[in-house]
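# A closer look at the structure
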Protein chains: 2
Amino acid sequence: MRNIIIASTSTIHGSGYLEYLLDHLETYFKDAKNILFIPYARPGGISHNAYTRTVETAFAKINKTVTGLHTFENPTEAIKQAEAIFVGGGNTFVLINQLYKNNLIGVLKAAINSGTPYLGTSAGSNICGLTIKNTNDMPIIYPPSFNALGLVPFNINPHYLDPITGSTHMGETRETRIKEFHNFNTNPVVGLREGSWLEVSGDEIILKGTLPARVFEYNKTPYEVDSETSLNNLK
Amino acid sequence: MRNIIIASTSTIHGSGYLEYLLDHLETYFKDAKNILFIPYARPGGISHNAYTRTVETAFAKINKTVTGLHTFENPTEAIKQAEAIFVGGGNTFVLINQLYKNNLIGVLKAAINSGTPYLGTSAGSNICGLTIKNTNDMPIIYPPSFNALGLVPFNINPHYLDPITGSTHMGETRETRIKEFHNFNTNPVVGLREGSWLEVSGDEIILKGTLPARVFEYNKTPYEVDSETSLNNLK
């Protein structure tokens, strides 16, 4: 059975890396001693090693060891053998480009669909959707495709931000950007606020965390869904 | 001689469309009766016709007529014949995709380099750089390439935003995003704040408007440049 956590962010304001999720992850990853970490998204351009050390420190608090995918000579085998997989945030274009370059899209999707527990945060959540077309990241690398893992039948907009009242900045709001998306694409988009995540168990998709999420469907007015709502019928 | 305006935004807060630039545009476009408008970026998914009407209304104030590129059967010929060209904002991926699709990149570059006065705002400024890799837009369409017109030897980040003091949002700041860019690319990036523009006359590139711009060079600490500074040596 599939077990997937699709989290808006790794870190909520005023709290440590993954801290808000750790209690939950202790149960979620109970059958895994070691987490395979995919550090490809490199937030702020951090090295794969340095990024893996951050993740090691966080998971040590719940007695898990962490191994970076970049340390394996054969990353395909590493994914096939993994007890659990975590893909952290950073730049979604860099992440998906590296997954394509190393020919890992298929094997990652197969491992997750056959039951390897998966945690994604931010960029690691973007790739769970059909495409990465709702990332907030800067397109600093041209990837071979925007197609992603398609673990859920919609797209993810992590770090979802409501329009800022009284802002004088003329750049597009997040809602306008997603509206533009629906001029060219018909699949739904789930805007996940920081502190929210989707939990996929088999075919069941439930919104978790304390906040509502904002759902954007093609040709519909965007709407809010509360925590614990099922998104099974969203497609 | 080349004449290019690369503006951060079409509209500054509390003012009408293009209003802050109109006096200047009256002189700048003095030899053109008609402006060829390229509406491809479609802000908010607006139609080409509706977008062109907005631009018509603005330019009517300085007695210019406007024709939308989408109304020509042969857009290549229309660009070659244009007295002046304006490319407005919206989504940069949609804009560049349509330019590639209609095979217009080369002809547009040639027209501008041979002296057709050009105005770009926002997405229309992004395409003046080497690549669109510093756009803030959502990648809602997968274009054939991120390579742009290369009218200046660096990239543009329009609507440049300083880090927001006291923000609790954990998404990357603009500066972090550009820092990530420099892990994979070496060309400079000019962060243009709203109300600023670059004016290119021949090989001379001058920052205009009241605000300083922020320059990001590879392996250097980002720095501010004041209005009226020449950026001729930035490459």
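In the nomenclature of an unreviewed UniProt entry, chain A corresponds to Dipeptidase PepE from the organism Algibacter miyuki.

## Looking at the relation of the copies chain B and chain A
For the match of chain B to chain A, the screw axis carries a shift of 0.0 Å, the RMSD comes to 0.0 Å, and the turn is 180°. Taken together, the rotation and translation describe the operation of a two-fold axis. Comparing interface residues between copies, 100% of those in chain B also sit at the interface in chain A, which points to an isologous, same-surface contact.

## Notes on the pattern of salt bridges
On inspection of all chains with the given rule, the structure shows 14 salt bridges over all chains. Between Lys208 of chain A and Glu228 of chain A there is a salt bridge, with the nearest N and O atoms lying 3.1 Å from each other. Taken together, the positions of Lys208 of chain A in strand S9 (residues 204–208) and Glu228 of chain A in the segment after strand S11 (223–225) put the pair 20 residues apart, joining distant regions of the chain. Among the salt bridges present, the one from Glu224 of chain B reaches Arg193 of chain B, with a minimum N-O distance of 2.9 Å. With a gap of 31 residues between them, Glu224 of chain B in strand S11 (residues 223–225) and Arg193 of chain B in the loop between strand S7 (189–191) and strand S8 (197–201) connect regions that are remote in the sequence. Overlapping salt bridges, with partners in common, bring together Asp162, Glu175, Arg193, Arg214 and Glu224 of chain A in one network.

## A look at the interface of chain B and chain A
Interfaces are often sized by the accessible area lost when the parts come together. Across the contact, 47 residues belong to chain B and 47 residues belong to chain A. Note on chain B versus chain A: buried area summed over both sides is about 3900 Å², and carbon and sulfur give 61% of it. In this structure, the salt-bridge partner of Arg177 of chain B is Asp137 of chain A, at a minimum N-O distance of 3.5 Å. On the surface where chain B and chain A come into contact, there are 13 residue pairs in polar contact (both at pLDDT 80 or more). Contributing elements (two or more residues each) for the side of chain B that touches chain A: helix H4 (92–101) and helix H7 (174–181) of chain B. Per element, the largest residue contribution to the side of chain B that touches chain A is 7 residues, and it comes from H7 of chain B.

## Structural notes on the packing of aromatic side chains
This structure, assessed with the given rule, holds 21 aromatic pairs over all chains. Pairing Phe146 of chain A with Phe93 of chain B gives two aromatic rings, centres 6.4 Å apart and planes at 75°, and the pair type is edge-to-face. Here Phe146 of chain A is found in the loop between helix H6 (123–126) and strand S6 (155–157), whereas its partner Phe93 of chain B is found in helix H4 on a different chain. Across the pair, Phe93 of chain B and Phe146 of chain A agree in class, each one buried. Members of the aromatic cluster, connected to one another through ring pairs, are Tyr28, Phe29, Phe37, Tyr51, Phe59 and Phe86 of chain A.

Procedures and definitions
Residues numbered from 1 in each chain as written. Chains lettered and ligands numbered in written order. Predicted model: local features only at pLDDT ≥ 70, side-chain atom pairs only at ≥ 80, totals over all residues. Heavy atoms only, no water. Least-squares fit on C-alpha atoms with pLDDT ≥ 70 in both. Contact = heavy atoms within 4.5 Å. Salt bridge = Lys/Arg side-chain N within 4 Å of Asp/Glu carboxyl O. Helix = DSSP H or I, 4+ residues; strand = E, 2+ residues; numbered from the N terminus. Buried area = accessible area lost by both parts, 1.4 Å probe. Polar contact = N/O pair within 3.5 Å; in protein donor to acceptor, adjacent residues only side chain to side chain. Phe/Tyr/Trp six-rings, centres within 6.5 Å; stacked < 30°, edge-to-face > 60°. Buried < 20%, exposed > 50% of the residue type's maximum accessible area, 1.4 Å probe, protein only.

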